[in-house]
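As a plain string of letters, each chain reads:
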There are 2 protein chains.
Amino acid sequence: MASTNPSFMNGVPELLVLRLLRGRQMYGYEIVQAIREETGEVVNLGEGVVYPVLHALEKSGAITSERRPVGGRSRIYYSLSPKGASRLTELTELWTRLTGAVQQVLVGGARAGLV
Amino acid sequence: MASTNPSFMNGVPELLVLRLLRGRQMYGYEIVQAIREETGEVVNLGEGVVYPVLHALEKSGAITSERRPVGGRSRIYYSLSPKGASRLTELTELWTRLTGAVQQVLVGGARAGLV
DNA sequence: TTGCATACCTCGAAGTTCTAGGTATTATAC
DNA sequence: GTATAATACCTAGAACTTCGAGGTATGCAA
């Protein structure tokens with residue numbers, strides 16, 4: 001792994017996948033490209049990252065899969081389950097809290113009371 | 001580790017430590033508490049996280065150490081080196097880019113052109 | 001003198017991401 | 001017709017972090 005890159009990626013793939021599946025069904029290969037496009041090339045997850053995440057999410061019951069032939073080719077479409085939706089909410093809150101806290105340190109100086 | 005917790009912590013300790021050392025010298029135990037306080041208890045890094053990070057940063061030349069006796073007790077004060085300062089800049093930019101990109105996906109829908 | 005805060009440290013476990021590689025089908029280019 | 005690229009799925013091993021628990025030692029307060 002890039003020894004100079006902390007990359008800040010822990011948990012990000014799971015968060016992004018869950019978020020993308022909120023609303024519409026998607027298949028793995030499509031998700032890989034959607035992440036690249038919707039982040040403006042900033043996040044570029046390989047298939048070797050996305051597929052294992054999908055498998056883990058399915059195993060945990062956060063998403064369900066459905067194999068469907070499309071144009072002679074077989075795709076596995078994933079849908080967000082209720083459990084996955086609440087997981088998404090949980091992760092989004094954690095993400096927001098954490099990035100806010102880090103931001104607080106980064107801007108520094110401004111040390112107002114917290115309520 | 002908490003199997004249900006992605007925690008989003010990858011790289012965050014390094015970033016916070018470097019940022020705190022920008023401006024004034026600090027010692028490990030002090031850094032542990034400063035992180036807890038300045039993040040409003042959101043980030044609570046144990047000494048088992050901070051000390052190894054400090055050692056790695058020193059080894060890479062990002063910070064320098066100086067043992068100093070204070071009140072009969074020995075403390076190791078760390079200072080940010082020029083190399084550490086540029087590392088901090090680099091990490092801050094990466095952090096900003098990444099959180100921005102994730103935010104873009106989280107808010108979704110709003111798909112304006114990027115320049 | 002007992003306990004707590006200070007102040008440093010290491011180790012093993014656990015979990016993630018990453019790159020690289022592998023398979024197979026369809027569409028495109030030559 | 002055939003080679004190449006794009007689609008679409010997958011696994012394995014390596015590497016990196018963070019985390020918690022535990023260990024040592026000093027100073028101060030009860």
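Above this text you will find the structure in question.
Residues numbered from 1 in each chain as written. Chains lettered and ligands numbered in written order. Predicted model: local features only at pLDDT ≥ 70, side-chain atom pairs only at ≥ 80, totals over all residues.

Summing up its helical and strand segments, chain A has four helices and three strands in all. Moving toward the C terminus, one meets the helices and strands of chain A in the order α-β-α-α-β-β-α. Across the 115 residues that make up chain A, the buried fraction comes to 27%. In chain A, 52% of the contacts between residues at least 6 apart in sequence involve partners at least 24 apart. (Helix = DSSP H or I, 4+ residues; strand = E, 2+ residues; numbered from the N terminus. Buried ≥ 20, exposed ≤ 12 C-beta atoms within 10 Å, placed from the backbone. Contact = placed C-beta atoms within 7 Å.)

The next point concerns helix α3 (residues 47–59) of chain B. Residue and element names in this part refer to chain B. Taking 1.5 Å per residue, 13 residues should reach 18 Å; α3 reaches 18 Å between its end C-alpha atoms and fits that length. Every buried residue of α3 is accounted for by Val50, Leu54 and Leu57. Down the axis, α3 shows its buried residues gathered within 70° of arc, on one side only. The exposed residues of α3 that point more than 90 degrees off its buried face are Gly48, Pro52 and Lys59. Buried-residue contacts for α3 involve α1 (12–20), α2 (28–38), β2 (63–70), β3 (73–80) and α4 (82–107). At the C-terminal side of α3, Gly61 shows a positive phi close to 85°. (Expected span 1.5 Å × (residues − 1). Arc of directions from axis to C-beta.)

Before going further, it helps to spend a moment on the protein's contact with DNA strand C. Residues in close proximity to DNA strand C total 34 residues, the closest being Gly48(A), Gly72(A), Gly28(B), Tyr29(B) and Gly48(B). Each residue belonging to the surface near DNA strand C can be placed in one class, and the counts come to 16 nonpolar, 11 polar and seven charged. (Near = placed C-beta within 6 Å. Nonpolar A, V, L, I, M, F, W, Y, C, P; charged D, E, K, R; others polar.)

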